[in-house]
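# Observations on the model geometry
Each chain is listed here by its residues.
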Amino acid sequence: EVQLVESGGGVVQPGGSLRLSCEASGFTLISYWMHWVRQAPGKGLVWVSRINSDGSGTSYADSVKGRFTISRDNAKNTLYLQMNSLRAEDTAIYYCARDPGNYGSDHWGQGTLVTVSS
Amino acid sequence: QSALIQPRSVSGSPGQSVTISCTGSSSDVGGYIYVSWHQHHPGKAPKLMIYDVNKRPSGVPDRFSGSKSGNTASLTISGLQAEDEADYYCCSYAGSYTLVFGTGTKVTVL
């Protein structure tokens, strides 16, 4: 069974950092692109970042470019999102999602909550 | 990277059909076949319902169908059922390896 489990969320002060993890099981991570998508309280889904299968290609939403870094360790079947210079508007549930290569995320995790507050 | 425009809500009685529109531009919806639709029950993981405009993943009922005309994509739910009540989001490739989601539509089964 395909499973994606996010972790690493929590409460952080503005300007702080946090690293999210997404552990994959039930499939071979290296065969897939991966995305991070977030949902602020009461708002809709917003795409954050994408990484290709071997980690050599990444892309970001303008709102996080220069502050967030997506990476992966295929040997550990884990995707990461390093978030620096966090702002209140980064408060959201962060989901990781699997992409078979057609930009249709076919499996999602349950999400991890990040709260940026003083 | 402006969000694709969806109606805030649609509703229908059990057995009826509802259609959700998703309007973008030639830089996203109109320019690519990579349009997907995702069902989201609050507190749960989103679920892929349609990909590549009109393809259904294994296990998704054929009551769900997708289409596209110009810069607008649509999701139709035929034979509406109680379990279809959820939030629905369209998503499109927007070039340069980026994605854009729609504003989301709440489907209510009356």
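A brief look at the structure comes next. Computed from a predicted structure; not experimentally measured. (Residues numbered from 1 in each chain as written. Chains lettered and ligands numbered in written order. Predicted model: local features only at pLDDT ≥ 70, side-chain atom pairs only at ≥ 80, totals over all residues. Heavy atoms only, no water.)

Quick look at the side chain of histidine 40 of chain B now. With respect to the helices, strands and loops of the structure, histidine 40 of chain B is situated in strand β3 (residues 35–40). Residue histidine 40 of chain B is classed as buried on the basis of its relative accessible area, which comes to 2%. Within the structure, histidine 40 of chain B has its side chain in polar contact with the backbone oxygen of lysine 44 of chain B (distance 2.8 Å). In contact with histidine 40 of chain B, not counting residues within four places along its chain, are Gln39, Leu45 and Tyr95 of chain A together with Ala45, Pro46, Ala86, Asp87 and Tyr89 of chain B. (Helix = DSSP H or I, 4+ residues; strand = E, 2+ residues; numbered from the N terminus. Buried < 20%, exposed > 50% of the residue type's maximum accessible area, 1.4 Å probe, protein only. Polar contact = N/O pair within 3.5 Å; in protein donor to acceptor, adjacent residues only side chain to side chain. Contact = heavy atoms within 4.5 Å.)

All right, on to the interface of chain A and chain B then. Each partner contributes to the interface: chain A provides 22 residues, whereas chain B provides 20 residues. Buried area between chain A and chain B, both sides added, is near 1800 Å², and the carbon and sulfur share of it is 63%. At the surface where chain A touches chain B, the tally comes to 0 salt bridges. In this assembly, chain A and chain B are joined by 5 residue pairs in polar contact (both at pLDDT 80 or more). (Buried area = accessible area lost by both parts, 1.4 Å probe. Salt bridge = Lys/Arg side-chain N within 4 Å of Asp/Glu carboxyl O.)

Residue and element names in this part refer to chain B. Relative to the assigned elements, alanine 3 resides in the segment before β1 (9–12). The sequence separation of alanine 3 and glycine 102 amounts to 99 residues, and the corresponding C-alpha distance is 5.2 Å. Contacts of alanine 3, omitting those with residues within four sequence positions, involve Val100, Phe101 and Thr103.

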